Amino acid sequence: MTSQAVRLEGVTKTYGRGSRSVAALKDVTVGIRRGTFTAVMGPSGSGKSTFLHCAAGLDRPSSGSVRIAGEELTGMDETELTYLRRRRVGFVFQGFNLVPALTVRQNITLPLRLAGQRTDRRWLDEIVHRVGLTGRVDHRPSQLSGGQQQRVAIARALVTRPDVIFGDEPTGALDTVTAREILVLLRGCVDTGGQTVVLVTHDAVAASCADRVLFLADGSIVDHADSPTAEQIAARMTRAGAWS
Ligand code: ADP
Ligand code: MG
C-alpha cells in the first residue's frame, strides 16, 4: 500500500490544437497523502477543475502519469477507468447533480446499483445518519434545501467507501452557515473515516479546513501551505492577484 492516495507526475493537459490550443495544466507533479484534506486554490482559469478531473480519472491528461491508491490510470481503457472510479473515488460538485425523479435513498444508492451491488441496509442507515438526513430518505431532491441536497450528494459519494473524495467548489452555491456544515462533514471523512479529500475552493475559510493548500496559477502549482489560517490564505491569494 502506498502512502499517497493520489499521485500526479509530469501531468500536462492541453485543450484544442495549434494556435488555438490552451495549456490548462503544465507539467504538474504532486503527491497527496492518504488520510489528508487538500484544498486547491487559484484564480479563475488557473486549471483547478482540470487538475481535479485529471486527478480523479474523469479526464485524461495529454501526457504524464496519474495514480490513485497506487493504480496507474495511464493506459486504462474506459471500462477499466469506470471500474476504478467506482471503487476508489467519490465526487461532489457545486451543482449537486442529483436525479430529480429519484428519492434521496435512491439517489444515494445509485452508484451501487450502477455497479450491480446490493445495498447493505445498516451501511445506508449509517451514512444517512452521518450526513444528517435521517427521516428524509423518501423525499425528492426538490423537497430539500440546497444544503440538504449537497448532503445527499456527499452520502452518494460515500456509499461506495471511496479512498478519495473529490469536490469542485461543493460549497460554492451554499450560504456561509450551510457551507460550514458541509465542510465539517468532509473534514469528518478524513478525521474519522480515514478518507482523503481533495477540494477545489475559492473560499479562504473553506481552505483553512485543509491540512495542505495547493496554489495553482496558469496551469502550474506555484506554492503550497500546510495548515494555514484563513488570513494567511487570503493574503496569499491577494498576492497572487486572484481577487483583484
Ligand atoms: P479553473 O477551474 O481554475 O477556473 P479550468 O481548469 O476550468 O480552470 O480551465 C483552465 C483553462 O483551460 C482555462 O483557460 C479554460 O478556458 C481552459 N479550458 C477548460 N476546459 C476546456 C475545454 N473543455 N476546452 C477548451 N478549453 C478549456
Ligand atoms: Mg473550475
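Whatever comes next refers back to the structure up there.
Residues numbered from 1 in each chain as written. Chains lettered and ligands numbered in written order. Predicted model: local features only at pLDDT ≥ 70, side-chain atom pairs only at ≥ 80, totals over all residues. Heavy atoms only, no water.

For this particular structure, what's the right way to read the environment of A230?
For A230, the position within the fold is in helix α8 (residues 230–239). A relative accessible area of 17% means that A230 is categorised as buried. In sequence terms A230 and A206 are 24 residues apart; their C-alpha atoms lie 8.0 Å from each other. Excluding residues within four positions of it along the chain, A230 makes contact with A204, V205 and S208. (Helix = DSSP H or I, 4+ residues; strand = E, 2+ residues; numbered from the N terminus. Buried < 20%, exposed > 50% of the residue type's maximum accessible area, 1.4 Å probe, protein only. Contact = heavy atoms within 4.5 Å.)

What exactly am I supposed to notice about the site of ligand 1 here?
Y15, V22, A24, P43, S44, G45, S46, G47, K48, S49 and T50 make up every residue found near ligand 1. Separating an oxygen atom of ligand 1 from a backbone N or O atom of S46 is a distance of 3.2 Å. In the model, an oxygen atom of ligand 1 is placed 2.6 Å from a nitrogen or oxygen of the T50 side chain. Coverage of ligand 1 by the protein chains reaches 57% of its 550 Å² of free accessible surface. (Near = heavy atom within 4 Å. Polar contact = N/O pair within 3.5 Å; in protein donor to acceptor, adjacent residues only side chain to side chain. Areas by Shrake-Rupley, 256 points an atom, 1.4 Å probe, with all protein chains shown as cover.)

Looking at this structure, how should I read the nonpolar core?
Burial of nonpolar side chains together is a common tendency in soluble globular proteins. Ranked by size, the top nonpolar core spans 44 residues in total, and within it I108, I154, V213 and I233 carry the most contacts. The element that contributes the greatest number of residues to this core is helix α6 (residues 176–191), accounting for seven residues. Apart from the residues within four sequence positions on either side, V213 is in contact with A39, M41, A207, D223, H224, A225, P228 and I233. Counting residues in hydrophobic clusters, the runner-up holds 29 residues, among them L8, V66, V200 and L216. (Core = buried A, V, L, I, M, F, W, Y, C linked by side-chain atoms within 4.5 Å.)

Even after reading the chapter, I still don't get the sheet that holds strand β8 (residues 196–200), so can you show me in this structure?
Two modes of strand pairing occur in sheets, parallel and antiparallel, and in both the strands are linked by backbone hydrogen bonds. As summarised here, the arrangement of the six strands in space is β6-β7-β8-β3-β9-β10, forming an open sheet in which the pairing is mixed. The two strands at the open ends of the sheet, each matched to only one other strand, are β6 (89–93) and β10 (220–226). Shown here is a sheet whose adjacent strand axes are inclined to one another by a mean of 20°, direction ignored. Sheet topology note: the β6/strand β7 (residues 164–168) ladder contains five bridges and is parallel. Across the sheet, the residue bridging to G90 is I165, located in β7. Across the face of the sheet, helix α1 (residues 48–55) comes into contact with β3 (37–41), β7, β8, β9 (212–217) and β10 while running at roughly 155° to β7. Against the sheet, helix α2 (residues 78–88) makes contact with β6 and β7, and its axis sits at roughly 80° relative to β6, the strand it touches most. (Pairing = 2+ DSSP bridges. Axes fitted to C-alpha atoms, helices over the stretch in contact; angles between N-to-C directions.)

None of the figures reported here should be taken as evidence of function without further support.
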